[in-house]
Amino acid sequence: MMTALTDNMQYVYNTSVNKYPLNPDEFGKTALRNNMTAAIITPLRELKDPRLFVYSEPAPAKVAAGLSPLNHQAYQGAPSDEGLDDMSTKVQAGQYSLINRYRYYGTYIGEPTIQIGYPELCFNIAEALNRGWATGSAEEYYTKGIQASQNFYGIKEGDNSVFFLKKDGKIGEYDTYALKFNFTDYYAQPSVKYAGNNAEGLEQVLTQKYMAFFQNSGWEAFYNHRRTGIPKFDVGGPGTGGGRTSLPLRWQYPDNERSTNAANYTEAIKRQFNGQDDVDAVMWLLQ
């Protein structure tokens, strides 16, 4: 069983064959418009979590209004169901936080992509203990998971430095801010300290697990949301097709399956979903 970040099953990028997807070559294409979602910004902001300053940068309009870049209230994410036109307009107006350009566009190596990670393992165990599937201290593994995730993103006890792109800055032009962090003070917040083996405690575990997935672990965050409903996404607006009450549960079968394997495709859909290849249908895994 994994006992530290060094045990992560992860892919490490390199400067030649496989560069980190967000890298200096991509800066001019997406770095000035890759904005953050409220689904990740809001919990980080409410928990006063230092990872907020590593994942993202303050909304320019908030800073222009007088807030410090180290003020958690200077960060704002877009609703996940907002239409692209509205979102783009608000990004241009500086109303939303963008992804942190120092961390995610600064090098060709970036950060490893985790497939199976130690923080996720800790939160899995914490969830199991919360639900009574095993005996032990859920709080112990909940705490270990938070600390491991913060360490993965470079947050350490004491003095830290965080970096934000300068106003109208180009790649390599960053402002540096000194950030002091004390885990004991962070954990003492009622919103962070484990509430116990109950529904509130479970939501804390799942929220921290979601925050630890940022920019890594592939589809795992979606699978966890599908299973648990955490985090809560905005889904009713035009950005998700309008009128939805939840995210889709499954992918439809590919078009070539319908055209080249029609008989078996029809039979499978009949058996599984009463003949409707519906993205909202509940597959056997969730039944």
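The paragraphs below set out a description of the structure included in this document.

About the thresholds
- Residues numbered from 1 in each chain as written.
- Predicted model: local features only at pLDDT ≥ 70, side-chain atom pairs only at ≥ 80, totals over all residues.
- Heavy atoms only, no water.
- Helix = DSSP H or I, 4+ residues; strand = E, 2+ residues; numbered from the N terminus.
- Expected span 1.5 Å × (residues − 1).
- Buried < 20%, exposed > 50% of the residue type's maximum accessible area, 1.4 Å probe, protein only.
- Arc of directions from axis to C-beta.
- Contact = heavy atoms within 4.5 Å.
- Lys, Arg positive; Asp, Glu negative; His and termini not counted.
- Salt bridge = Lys/Arg side-chain N within 4 Å of Asp/Glu carboxyl O.
- Polar contact = N/O pair within 3.5 Å; in protein donor to acceptor, adjacent residues only side chain to side chain.

Between its first and last C-alpha, helix 13 (residues 262-273) extends 16 Å over 12 residues, near the 16 Å set by a 1.5 Å rise per residue. Within helix 13 the residues assigned to the buried category are Tyr265, Ile269 and Phe273. In an axial view of helix 13, the angular spread of the buried residues amounts to 30°, which keeps them on one side of the axis. Counted as exposed and oriented over 90 degrees from the buried face of helix 13: Ala263, Asn264, Lys270 and Arg271. Residues of helix 13 that are buried make contact with helix 12 (255-260). One or two positions beyond helix 13, positive phi appears at asparagine 274, with a value near 55°.

With that settled, the discussion passes to the side chain of aspartate 81. Examined against the element boundaries, aspartate 81 turns out to sit in the loop between helix 4 (60-64) and helix 5 (84-92). Lysine 90 is the oppositely charged side chain nearest to the buried, salt-bridge-free aspartate 81, at an N-O distance of 9.2 Å. A polar contact is formed between the side chain of aspartate 81 and the backbone nitrogen of glycine 237, at a distance of 2.7 Å. Setting aside its immediate chain neighbours within four residues, aspartate 81 contacts Asp234, Val235, Gly236, Gly237, Pro238, Gly239 and Thr240.

Attention shifts here to the pattern of salt bridges. Per the counting criterion, the structure on display carries 19 salt bridges. Of the charged contacts, one joins arginine 250 and aspartate 277 as a salt bridge, the two residues approaching to 2.8 Å between their closest N and O atoms. With a gap of 27 residues between them, arginine 250 in the loop between helix 11 (220-228) and helix 12 and aspartate 277 in the segment after helix 13 connect regions that are remote in the sequence. Of the residues examined, arginine 250 reaches a relative accessible area of 9% and is grouped as buried. What makes aspartate 277 buried here is its relative accessible area of 10%. Among the charged side chains, a network of salt bridges with common partners joins Arg250, Asp255, Arg258 and Asp277.

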